[in-house]
Amino acid sequence: SDAYNLILLRHGQSLWNQENLFTGWVDVRLSEQGAGEAKRAGELLAESGLLPDILHTSLLTRAIQTANIALEEADRLWIDVKRSWRLNERHYGALQGLDKAETLAKFGPEQFQLWRRSFDVPPPVLADDSPWSQAHDVRYANLGEDLPRTECLSDVVDRMLPYWESDITPDLRAGKTVLVTAHGNSLRALVKHLDGISDADIAELNIPTGIPLVYRLGEDMMPLGPGRYLDPEAAAAGAAAVAAQGNKK
Ligand code: DG2
């Protein structure tokens with residue numbers, strides 16, 4: 001075929017998604033439900049016949065676990081893998097570790113929505129001596145000035161797209177089916193690019209956990225049509241649940 005296959009997968013529910021806490025770069029693991037979502041994602045890949053030839057993940061455990069579980073289910077644990085901090089979740093700054101419902105109640109819906117979904121308003125910076133800081137995490141020791149202390153979605157686009165260009169698109173051009181296992185906001189940044197979504201409209205986009213989103217790309221590495229969730233009903237329900245997260249008790 002003359003199309004290139006790209007599969008995007010947000011990790012399954014994490015322990016902090018379950019507890020409704022802002023996570024960002026904090027390295028929490030999958031919940032039991034999240035592991036089940038990852039297994040289901042692997043089943044969906046196997047059923048669809050879309051078998052990844054190469055995996056790209058973030059450096060965060062929840063994305064790596066999700067990929068491993070899904071690939072095991074699809075009998076593809078053996079494929080090549082590349083990992084990059086550039087696929088990490090958006091750094092949530094001083095919101096990392098805070099309860100989403102409490103934050104909404106304390107700062108109000110407008111500020112809450114700006115921090116969570118605006119394109120260009122970053123939360124306050126996270127101090128390096130916070131227990132939720134990554135300033136002393138060995139896996140980021142080589143980042144130097146690139147290590148974020150907070151990020152808005154625009155910052156994520158700026159550090160994610162170079163990796164898309166330099167590392168992911170060459171694998172696609174080589175004819176490989178590429179699986180990218182990442183996060184709510186790093187995938188929002190990639191979908192914004194692929195679907196040409198405006199800075200204003202991207203606020204409305206929410207990515208559900210654990211459901212493969214498949215794109216067919218042309219020679220220009222842009223989609224030939226809309227992305228397709230392999231379980232559209234579960235994806236719609238999951239996206240609505242993400243959007244409502246601040247209101248959850
Ligand atoms: C979530 C996204 O990231 O949260 O950082 O809390 O995808 O790694 O679970 P993920 C977080 P929202 O921006 O949807 O609040």
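Throughout this document, residue positions are counted from 1 along each chain, in the order its sequence is written. Confidence filtering applies because this is a predicted model: local features only for residues at pLDDT of at least 70, side-chain atom pairs given and counted only at 80 or more, and all residues used for totals across whole chains, interfaces and linings. Note: side-chain values were computed over all heavy atoms of the structure, leaving out hydrogens and water.

A. Structural view of the overall build of the protein chain. Working definition: helices are DSSP H or I runs of at least four residues, strands are E runs of at least two. Numbering for both runs from the N terminus. Each helix and strand in the protein chain was counted, giving 8 helices and 6 strands. Taken from the N to the C terminus, the helices and strands of the protein chain come in the order β-α-α-β-α-β-α-α-α-β-α-β-β-α. The globule rule used here is 2.2 Å times the number of residues to the 0.38 power, and the radius of gyration it is set against is calculated over C-alpha atoms. For the protein chain, whose C-alpha radius of gyration is 17 Å, the value lies close to the compact-globule estimate of 18 Å for 249 residues. Along the first, second and third principal axes, the C-alpha atoms of the protein chain reach 50 × 40 × 35 Å. Note on exposure labels: buried denotes an accessible area under 20% of the residue type's maximum, exposed denotes more than 50%, and partly exposed covers the range between, all computed with a 1.4 Å probe on protein chains only. For the protein chain, the proportion of its 249 residues judged to be buried stands at 56%. When contacts within the protein chain are restricted to residue pairs at least 6 apart in sequence, those whose partners lie at least 24 apart make up 77%. If you sum the accessible surface of the protein chain, you get close to 11000 Å²; carbon and sulfur atoms cover 51% of it. Just so you know, the count uses Lys and Arg for positive and Asp and Glu for negative, and it drops His and the chain ends. One atom stands in for each charge, and that atom is NZ of Lys, CZ of Arg, CG of Asp or CD of Glu. Charge centroids of the protein chain, computed over 25 positive and 36 negative side chains, lie 2 Å from each other. The contact rule is simple, with two residues in contact once any of their heavy atoms fall within 4.5 Å. Note that accessible areas follow from Shrake-Rupley with a 1.4 Å probe, and for residues the cover is restricted to the protein chains shown.

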